[in-house]
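Structure at a glance
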Amino acid sequence: MNTIVTVIFFIYGLVFGSFFNVVGLRVPNGTLFAQTRSYCDTCQRTLTWKELIPVWSFLRQRGRCRQCKEKISLLYPIMELTTGLLAAFTYYRYGFSEQTLLGILLIALIIPLTVSDIAYRKIPNKMLLFFTPLFVVLRLFNPQPSFWASLLGTVLAFSLVFVIILLSNGGMGAGDLKYFTLLGFIFGPALFLLLFFLATLYGAIMGMILMRLKKGNRKMTIPFGPYIGLAALTVFYFGETILQWYLSFLS
Ligand SMILES: [Zn+2]
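Bear in mind the structure is a predicted one, so any value in this text is a computation, not a measurement.

Scanning the entire structure with this criterion turns up 21 aromatic pairs. With 5.6 Å between their ring centres and 10° between their planes, Phe158 and Phe162 make a pair best called stacked. Of this pair, Phe158 and Phe162 both sit in helix α6 (residues 147-168), four residues apart, roughly one helical turn. For Phe158, a relative accessible area of 40% gives the class partly exposed. Residue Phe162 is classed as partly exposed on the basis of its relative accessible area of 38%. Between the aromatic rings of Phe180 and Phe224, the centroid separation amounts to 6.3 Å while the plane-to-plane angle is 55°, which identifies the pairing as tilted.

Before going further, it helps to examine the domain arrangement of the protein chain. Domain boundaries in the protein chain define domain 1 (1-121) and domain 2 (143-251). Averaged C-alpha coordinates put domain 1 and domain 2 at centres separated by 24 Å. Interface of domain 1 and domain 2: buried area, both sides summed, is about 1500 Å²; carbon and sulfur atoms make up 73% of it. If you sort the residues of domain 1 by the area they bury against domain 2, Leu106, Ile110 and Asp117 come out on top, with a joint share of 32%. On inspection of domain 1 and its partner domain 2, the count reaches zero salt bridges. Inspection of the region where domain 1 meets domain 2 yields five residue pairs in polar contact (both at pLDDT 80 or more). Taken together, the elements giving at least two residues each to the side of domain 1 that touches domain 2 come down to α3 (75-94) and α4 (98-120).

This part is about the coordination of the zinc ion. Around the zinc ion, the protein contributes the donor atoms Cys40 (SG), Cys43 (SG), Cys65 (SG) and Cys68 (SG), at 2.3 to 2.4 Å from the metal centre. Coordination at the zinc ion is tetrahedral, judged from the four donor atoms that bind it and the angles of 102 to 117° they form at the metal. For the zinc ion, the single-chain donor residues occur in sequence as C-x2-C-x21-C-x2-C. A relative accessible area of 3% means that Cys65 is categorised as buried. Looking at Cys68, the relative accessible area reads 28%, which means it is partly exposed.

Conventions we followed
- Residues numbered from 1 in each chain as written.
- Predicted model: local features only at pLDDT ≥ 70, side-chain atom pairs only at ≥ 80, totals over all residues.
- Heavy atoms only, no water.
- Phe/Tyr/Trp six-rings, centres within 6.5 Å; stacked < 30°, edge-to-face > 60°.
- Helix = DSSP H or I, 4+ residues; strand = E, 2+ residues; numbered from the N terminus.
- Buried < 20%, exposed > 50% of the residue type's maximum accessible area, 1.4 Å probe, protein only.
- Domains from an automatic or database assignment.
- Buried area = accessible area lost by both parts, 1.4 Å probe.
- Salt bridge = Lys/Arg side-chain N within 4 Å of Asp/Glu carboxyl O.
- Polar contact = N/O pair within 3.5 Å; in protein donor to acceptor, adjacent residues only side chain to side chain.
- Donors = N, O, S within 2.8 Å, 3.2 Å for Na, K, Ca; no water.
- Tetrahedral: all angles 85-135°; square planar, octahedral: opposite > 155°, others 65-115°.

Here's what the structure looks like:
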């Protein structure tokens, strides 16, 4: 682990986080390539480079557009910072390895999907379709878990979530099903089960907190994608440790 490299990962993470926000907000409505330069979502003005520095621009402008004074979504700085921290932590934990490559790819999948699900309640097919071949290729070069475990994880994830959607009648949707299925392929059956458990646990905890705050009624639907992403990251960094701890606890 090298401090300078960790900082470089953090800075690249901030910059890519900024890009992932744009991807998450524009892919669902098909405007990703409509305008190449970044613009204000409200007044459509093209932003200057001073307004494009991750996190810093948001703080300096006190969260508002410099021209129209419209509030800028808190999602931008939060996701930039999250991406920066995750990129740095991935290198800190795994160094220069295939695992770090997998981590970066996972972050690149999770951050835009989380943004899109929070903003539009949508997990775009386009993003899943874009990333699936990349994960398949990476799996061919880094056969851990084995390819059979990946196939088993895919089948398990699809059938488990499919049955739960049929039984629960609402809550999770087709987007969540596809998202879970890709993660089943990435993690294999054992880690996937942990991931699924954690995602529902996080969702339930957050649901209870929101209920306490009375920020919504019982019928309110909360997007489930962010909890899937959070669970996937937990499993990526700590899954093996949690499983080992759990097995030693049983024996
Ligand atoms: Zn504006």
